[in-house]
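# Geometric and topological summary
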Amino acid sequence: MSSLPHSRLFHTTNNAVVISGPHIQIVKTQTGEVVQSTATLDGSERDAVLKSGPIRCADVDTSFTHLVTSGEDKQLKVWRLVDLKLLNERELPKKPTEVHFTRDGQTILVSDKFGDIFSYPLEYKPSSSQSIPDATSESELKPRNQIISHENPSGGSLILGHTSLLTSFLLTEDEKYIVSADRDEHIRVSWYPQGYVIERYCLGHKKFVHTVHIPAFAPSVLVSGGGDPVLKLWDWMSGERLCDIPVQGVIEPFIKVHAPKGKWGKSADDGDGEMKVGRRKRRRARGKGKAKAGEEELEEEEDGRTKETEAEEREVLEEDVVMEINDSEETAPATSSHDAADREESEASQAPVLIIHRIASMDIPAQGQFLVFNAVGATAMFFCRFPSDPKSEEPPVVQSLQVHKPVIDFAIDETGRVWALVDGERESEVPTTQNLVRLLSWSSGQLVEDDSADPLLNSLNSACQIPATSDDIKNLDLYSALSSMPKHVDPEHDLFEGNQVADKKTLGKRKAKELTRREQARMKKKQAVLAKLQGQTDATGASREASASVAQEDERDNKKVKAADTVVNS
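These lines cover the structure that appears in this document, whether it is placed above or below.

## What about the nonpolar core?
One recurring pattern in soluble globular proteins: nonpolar side chains tend to sit buried together. Grouped together as the largest cluster of nonpolar side chains are 24 residues, with contacts concentrated most on Leu-233, Ile-245, Val-247, Ile-251, Ile-356, Phe-373 and Phe-382. Among the elements of the structure, strand E18 (221-226), strand E19 (230-235), strand E20 (240-246), strand E21 (356-364), strand E22 (368-375) and strand E23 (380-385) are those that each provide at least two residues to this core. Judged by nonpolar contacts, the second largest core, of 17 residues, contains Ala-360, Ile-364, Phe-370 and Phe-383.

Below, the structure written as structure tokens:
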């Protein structure tokens, strides 16, 4: 039977915290004994854990006393690790992207998909002042000059805000600054906790930034990565980029998980049988939603619509349905006979999406200082030496260690060993074990697989495995970043380039087969819109030229009149 993959691991000398889907387990590091687990709960407690859904964000304080978790349910939960008791939970304003404890463990920082970072105290005491007031009292009590992006139902304090999805953040060693990154290629260095004071920007990424890291042995250097083909090293205090470490050529051959291929007019979660008529209905529904702001105007507009207009719309919808049915009839035999092969070919033909998931660093005695990182959907761990002088040295060479399963996350223990959490249920190109964790260690400056009989490793791959159905694993959505991070620009639906792209794609796939009626209709519609736009552009240009010509003639006439007056007066 399948089991839930481990998504996070926090390791100390005595205990380890393992997160698998919605479940939390506490394991003795030296013996591998599972001392606490939410998977063993019964009744309402177990139902509450399962209802919360997969844990997306988690962190443990430095004293290994408390654990904070959150997920899609937007509930920030604080657990006591000694007995895995839920101490408190509070509602977050938006879905979180990352959570961190401060060094003293008394404050929790949470970033969200709205682009903000809020701080919350460890102990939560709901007060009557945090209850939701009515609209009148709320507008009266809020100062006119107060700036806040959205209401916080749990009384969190706003630290800072970005104008884009905030992907990662960290506090500097002295906790005087907070470094935050977003999906719009920005890295910002702000004061903490006065996040409204921006000290510096680190600008240079061409694509989204997904993770940032400051090595403990080089506190003045920031390492960032995301969708760019390089890791970037910065002097974060000055904003100067020190060097770029090329990674794309090493990582891409190991990317075995591809983003689901979305289609125009529907999301990746929509069914394959959804037709364009459904998309038009959704547009009409959105129009009805706007009627709440002006119902009378929309009602008058609806009443004023003629029967001819409604008949035309009905005719277009019926034509779409007929074309959709004809297309399905034409392509049904080929699809049913080669469904699996076509799906594999389609997935293999997609360009891999590069996303650096996590970056860590370590100083291994007698071997050197290293950077270690993984990529979303890649079946290897990657590492390189940390340059002692990044500004003047040549960029280090990135190396890889194949583990044959996609690496979900990893953790570093006190000795520098790397615990790679892999998707054990994912099919591999070569026969391999169904282990959920691979232990890697260092030898002569190289990352190698550790075959030692470690009690914790054995427990993670046996006693800590939690049975799950295929639906449970699917709901984890382990590779959602492949779809949510890149800013997809579909050239097929670009009015000026779409026709050529569509022609090439169609000819490449069908190899001289004729276009279906639906594809022909789409092509004609695009061409008509493009011709109309070009006609408007030409008309505008001609009008401007005519106006310029008239202006020049008027100017010449005025000069002639002035010249004649001068002659008469003289």
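## What to know about the pattern of salt bridges
Following the criterion strictly, the structure yields 13 salt bridges and no others. One salt bridge in this structure joins Asp-409 and Arg-8, with 3.0 Å as the shortest N-O distance. Remark: Arg-8 occurs in strand E1 (residues 8-11) and Asp-409 occurs in strand E25 (residues 407-412); sequence separation between them is 401 residues. Residues Asp-409 and Arg-8 agree in their burial class; the two are buried. Measuring nitrogen to oxygen at the nearest pair gives 2.7 Å for the salt bridge that ties Glu-449 to Arg-438. Residue Glu-449 is found in strand E28 (residues 446-449), and its partner Arg-438 is found in strand E27 (residues 437-443); the two are separated by eleven residues along the sequence. A relative accessible area of 32% means that Glu-449 is categorised as partly exposed.

## Focus: the environment of Trp-234
With respect to the helices, strands and loops of the structure, Trp-234 is situated in strand E19. Here the alpha-carbon distance between Trp-234 and Ile-214, two residues 20 residues apart in the chain, equals 9.7 Å.

## Section: the sheet that holds strand E24 (residues 399-402)
Ordered by their spatial adjacency, four strands build an open sheet running E21-E22-E23-E24, and the pairing between neighbours is antiparallel. For this open sheet the edge positions go to E21 and E24, each flanked by a neighbour on one side alone. Strand-to-strand twist in this sheet, taken as the mean axis angle between neighbours without regard to direction, amounts to 25°. For E21 and E22, the ladder comprises eight bridges, and the chain directions are antiparallel. By the bridge assignment for E22, Asp-363 is matched with Gln-369.

## Regarding empty space enclosed by the protein
Following the criterion strictly, the structure yields one cavity of 30 Å³ or more and no others. The volume enclosed by the largest cavity comes to roughly 120 Å³. For the lining of the largest cavity, the elements supplying multiple residues, two or more each, are helix H1 (43-52), strand E6 (66-71) and strand E7 (75-80). Among the residues forming the lining of the largest cavity, the class breakdown is six nonpolar, seven polar and two charged.

## Some remarks on the packing of aromatic side chains
Taken as a whole and assessed by the stated rule, the structure comprises seven aromatic pairs. Relative to Trp-442, the ring of Phe-370 lies with its centre 4.3 Å away and its plane at 25°, an arrangement referred to as stacked. In this pair, Phe-370 is assigned in strand E22 and Trp-442 in strand E27, connecting sequence segments 72 residues apart. Look at Phe-370 and you get buried, because its relative accessible area is 1%. A residue is classified by how much of its surface remains accessible, and Trp-442, at 10% relative accessible area, is buried. With 5.6 Å between their ring centres and 90° between their planes, Phe-383 and Trp-442 make a pair best called edge-to-face.

## Concerning a nonpolar patch on the surface
Taken together, the side chains of Ile-198, Tyr-201 and Leu-203 make up a nonpolar region of the molecular surface, amounting to roughly 280 Å² of accessible area. Its place among the elements puts Ile-198 in strand E16 (residues 198-201). Ile-198 gets classed as partly exposed once you look at its relative accessible area, which sits at 38%.

## Observations regarding the side chain of His-213
Looking at the element boundaries, His-213 is found in strand E17 (residues 209-213). Polar side-chain contacts of His-213 include one of 2.7 Å to the side chain of Ser-361.

## Notes on the environment of His-186
Within the secondary structure layout, His-186 lies in the loop between strand E14 (177-182) and strand E15 (187-191). Not counting residues up to four positions away in its chain, the partners in contact with His-186 are Ser-180, Ala-181, Leu-203 and Val-209.

## So, the side chain of Ser-164
With respect to the element layout, Ser-164 can be found in the loop between strand E12 (157-161) and strand E13 (166-171). On the accessibility criterion, Ser-164 (8% relative accessible area) is buried. Side-chain polar atoms of Ser-164 contact the side chain of Asp-184, separated by 3.4 Å. Dropping the residues within four chain positions of it, Ser-164 is found in contact with Phe-114, Gly-115, Asp-182, Arg-183 and Asp-184.

## Focus: the pairing of E25
For a regular strand, the rule is simple: side chains alternate between the two faces of the sheet. With five of its six residues buried, E25 lies for the most part within the structure. Bridge count for E25 against strand E26 (residues 418-422) is five bridges, and the pairing is antiparallel. Counted as the bridge partner of Asp-409 is Leu-421 from E26. The turn linking E25 back onto E26 is made up of five residues, and Gly-416 within it adopts a positive phi angle of 95°.

## Focus: unusual backbone geometry
Going from Tyr-192 to Pro-193, the amide bond is cis rather than trans, its omega being 5°. Mapped onto the fold, Pro-193 is located in the loop between E15 and E16. One non-glycine residue, Phe-64, lies in positive phi territory at about 55°. Mapped onto the elements of the fold, Phe-64 is located in the loop between strand E5 (55-60) and E6. The backbone of Glu-175 shows a phi angle near 60°, a positive value even though the residue is not glycine. Looking at the element boundaries, Glu-175 is found in the loop between E13 and E14.

The rules behind each value
- Residues numbered from 1 in each chain as written.
- Predicted model: local features only at pLDDT ≥ 70, side-chain atom pairs only at ≥ 80, totals over all residues.
- Heavy atoms only, no water.
- Core = buried A, V, L, I, M, F, W, Y, C linked by side-chain atoms within 4.5 Å.
- Buried < 20%, exposed > 50% of the residue type's maximum accessible area, 1.4 Å probe, protein only.
- Helix = DSSP H or I, 4+ residues; strand = E, 2+ residues; numbered from the N terminus.
- Salt bridge = Lys/Arg side-chain N within 4 Å of Asp/Glu carboxyl O.
- Pairing = 2+ DSSP bridges.
- Axes fitted to C-alpha atoms, helices over the stretch in contact; angles between N-to-C directions.
- 1 Å grid on protein atoms, 1.4 Å probe; cavity = no way out; pocket = protein on both sides within 12 Å on 5 of 7 lines; lining within 4 Å.
- Points joined across faces, edges and corners; volume = space filled by probe spheres on them.
- Nonpolar A, V, L, I, M, F, W, Y, C, P; charged D, E, K, R; others polar.
- Phe/Tyr/Trp six-rings, centres within 6.5 Å; stacked < 30°, edge-to-face > 60°.
- Patch = residues over 30% accessible without salt bridge, like charges linked within 9 Å, V, L, I, M, F, W, Y side chains within 5 Å.
- Areas by Shrake-Rupley, 256 points an atom, 1.4 Å probe, with all protein chains shown as cover.
- Polar contact = N/O pair within 3.5 Å; in protein donor to acceptor, adjacent residues only side chain to side chain.
- Contact = heavy atoms within 4.5 Å.

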